[in-house]
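Summary of the model geometry
Letter by letter, the chains look like this.
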Number of protein chains: 2
Amino acid sequence: MILTVTLNTALDLTYRVPALVPHASHRVTQVIERPGGKGLNVARVLDTLGYETVATGFAGGATGAVLRERLAELSTVRDALVETAGPTRRTVAVVDTTTGDTTQLNEPGPTVTPEEWAAFRGRFTELLDGARAVALCGSLPPGIHVGAYAELVRAARAAGVPVLLDTSGEPLRRGIAARPDLVKPNADELAQLTGAREPHRATLDARRRGAHAVVSSLGPEGLLAATPEGLWQASPPAPVHGNPTGAGDSAVAGLLSGLIDATPWPTRLTRAVALSAATVLSPVAGEFDARAYEELLAKVTVREVS
Amino acid sequence: MILTVTLNTALDLTYRVPALVPHASHRVTQVIERPGGKGLNVARVLDTLGYETVATGFAGGATGAVLRERLAELSTVRDALVETAGPTRRTVAVVDTTTGDTTQLNEPGPTVTPEEWAAFRGRFTELLDGARAVALCGSLPPGIHVGAYAELVRAARAAGVPVLLDTSGEPLRRGIAARPDLVKPNADELAQLTGAREPHRATLDARRRGAHAVVSSLGPEGLLAATPEGLWQASPPAPVHGNPTGAGDSAVAGLLSGLIDATPWPTRLTRAVALSAATVLSPVAGEFDARAYEELLAKVTVREVS
């Protein structure tokens, strides 16, 4: 099975309103409730692709219970989340139905206690036994030390399980130094990490910091991969327009599935770009359009970069 | 006891952000969760004033469970809410901490089924036996017929229980025709009902439509009451500034408590205006500042209007 870790899960609410006007009152015309957090998105995409997937991390309170209910309704992902005393945070995406623009409101989330972190560490160690790959995804909740991902990367490596890290800021900087198999930063995360704005240079720089491979997101222009076998750029046939929520998580799912299938890098990157673009094209944030995915697989181009 | 009815309860969330910017992403710095809906606000104020209070209406799902938990934590109001299959709606008030301005997002709420309405009607009839007064407050949820408040007014009158109605639009129009003891419209609701913008004329007109007494809110300028004993205007010593959320509900609580204490109209109006102004002055939306209330009781002026 593939293991995904989401330490800062969220109950994602999408509110549709005709237009968001500050300091006015709005009737929400539609409410959608989804299990959220990057690792849970990755798990749902892997599940849809037919991979046996287990999700761990934290959930608690009434919002955590709803998150777990929705996850069970929407997927066959095995729920191995650890209970927290504090309630799972909500995020609210307010979508203007006239323009499609989104205003995001993110609750801070509960503080994880040392006992809860210890319980998670125990669960993580148990789950590594039997995992073919593990993805560590998203931000750290309050209460968890900044070196937590580095600690989990070392544990995965010690257990011989390939590990992918998708986070930002100091947790990314420390996590890379623990030598994960793969990191997947976007342009902003990369620039913050390396100080370099030019993507090729920044991607190579990130790899020198310790990651076995770095796959950088170039947004609508695809992915750039620095690997032991070479440097590649993978691009969709044309920039896609739509809702980019979850596109990066779909790319992570594509990379992980390619990793455990041991496909060559160009094939992995094709899958990741096709999944990512098919997610942008889906009307529901964080889900991918299966037909568009199949079509895109034949149309993504991968070229070796010198 | 005093009975309050909230057919369209809500879990009220208050999000504090430095400033709401459309189409940007925001970290919420503080989240407050409160039991919401006009009748529950009235019940909490009556409870704080020391009146035995029972709250009925509807609640359901995970959000309904949190609403009931919070109500029990914050008050000694007896919970006689009827369970719905659909989850209780949320409202989100986004407060700009720099200006204090509020942007409101209101979920539509679940549709109440005919069986749930029948269960409520049975509960309402049982609770009328023992009630000294009843308040019917707020909007009607989806699924409930527009004449519902008229039906409940008639049931209360048949049981000999004084009934106050605080709603708007067609449910108010129909409810007034069923001859409630008291209605408490604000300026907009009054104008919508009568077509008249001038408050004295509109208040007298509303009374001719069937209500025994009409107490109109003049916003920061106080209340205007058309009663069988005369016409009065009650005003705070100076217009108060702050958060007006729940100020109207506090006025309803003041009027109801005066009704069951059988105080003269000027005393009732003084209490209602003082509670309302003390609610605007409270830092927490929907709660009143107890010290300000005591001080305002001596400072509210009531004059008879010809």
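Quick look at the structure, then. (Residues numbered from 1 in each chain as written. Chains lettered and ligands numbered in written order. Predicted model: local features only at pLDDT ≥ 70, side-chain atom pairs only at ≥ 80, totals over all residues. Heavy atoms only, no water.)

Glancing now at the packing of aromatic side chains. In this structure the tally under the stated criterion is 8 aromatic pairs over all chains. Here the aromatic rings of Phe-120 of chain A and Phe-124 of chain A are separated by 5.8 Å at their centres, their planes lie at 25°, and the arrangement is stacked. Of the two residues, Phe-120 of chain A and Phe-124 of chain A both sit in helix α3 (residues 114-128), 4 residues apart, roughly one turn of that helix. By the burial criterion, Phe-120 of chain A is buried, and Phe-124 of chain A matches it. The interplanar angle of 75° and the centroid separation of 5.7 Å between the aromatic rings of Phe-288 of chain B and Tyr-293 of chain B together place this pair among those described as edge-to-face. (Phe/Tyr/Trp six-rings, centres within 6.5 Å; stacked < 30°, edge-to-face > 60°. Helix = DSSP H or I, 4+ residues; strand = E, 2+ residues; numbered from the N terminus. Buried < 20%, exposed > 50% of the residue type's maximum accessible area, 1.4 Å probe, protein only.)

Burial along strand β8 (residues 102-106) of chain A is one-sided: Thr-103 and Leu-105 of chain A are buried, while Thr-102, Gln-104 and Asn-106 of chain A, pointing the other way, are not. Bridge analysis of strand β7 (residues 89-96) of chain A against β8 of chain A gives 5 bridges, and the strand direction is antiparallel. The partner of Val-92 of chain A across the bridge, within β8 of chain A, is Leu-105 of chain A. Linking two consecutive strands that pair antiparallel, namely β7 of chain A and β8 of chain A, is a turn of 5 residues; a positive phi of about 85° is found at Gly-100 of chain A within it. In this sheet, strand β3 (residues 25-27) of chain B lies alongside β8 of chain A in parallel orientation, the contact comprising 3 bridges. If you follow Asn-106 of chain A over to β3 of chain B, its bridge partner there is Arg-27 of chain B. (Pairing = 2+ DSSP bridges.)

Below, the discussion takes up the packing of helix α6 (residues 187-194) of chain A against helix α7 (residues 199-208) of chain A. Residues and elements named next belong to chain A. Close contact between α6 and α7 brings their axes to 10 Å; oriented N to C, the two are set at 60°. By the angle between their directions, the pair α6 and α7 is classed as oblique. For the pair α6 and α7, the crossing hand works out as left-handed. Contacts between α6 and α7 involve Leu-190, Leu-193 and Thr-194 from the first element and Pro-199, Ala-202, Thr-203, Asp-205 and Ala-206 from the second. Among the residues making up the contact of α6 with α7, the classes are represented as 5 nonpolar, 2 polar and 1 charged. (Axes fitted to C-alpha atoms, helices over the stretch in contact; angles between N-to-C directions. Parallel < 35°, antiparallel > 145°, perpendicular 65-115°, else oblique. Left-handed = near helix turned anticlockwise from the far one by under 90°. Contact = heavy atoms within 4.5 Å. Nonpolar A, V, L, I, M, F, W, Y, C, P; charged D, E, K, R; others polar.)

Before going further, it helps to examine the side chain of Thr-91 of chain B. Residue and element names in this part refer to chain B. Looking at where Thr-91 falls in the secondary structure, it is placed in strand β7 (residues 89-96). Residue class for Thr-91 comes out buried when judged on its relative accessible area of 7%. Beyond its immediate stretch of four places on either side in the chain, Thr-91 contacts Ala-10, Leu-11, Asp-12, Leu-13, Gln-104, Leu-105 and Asn-106.

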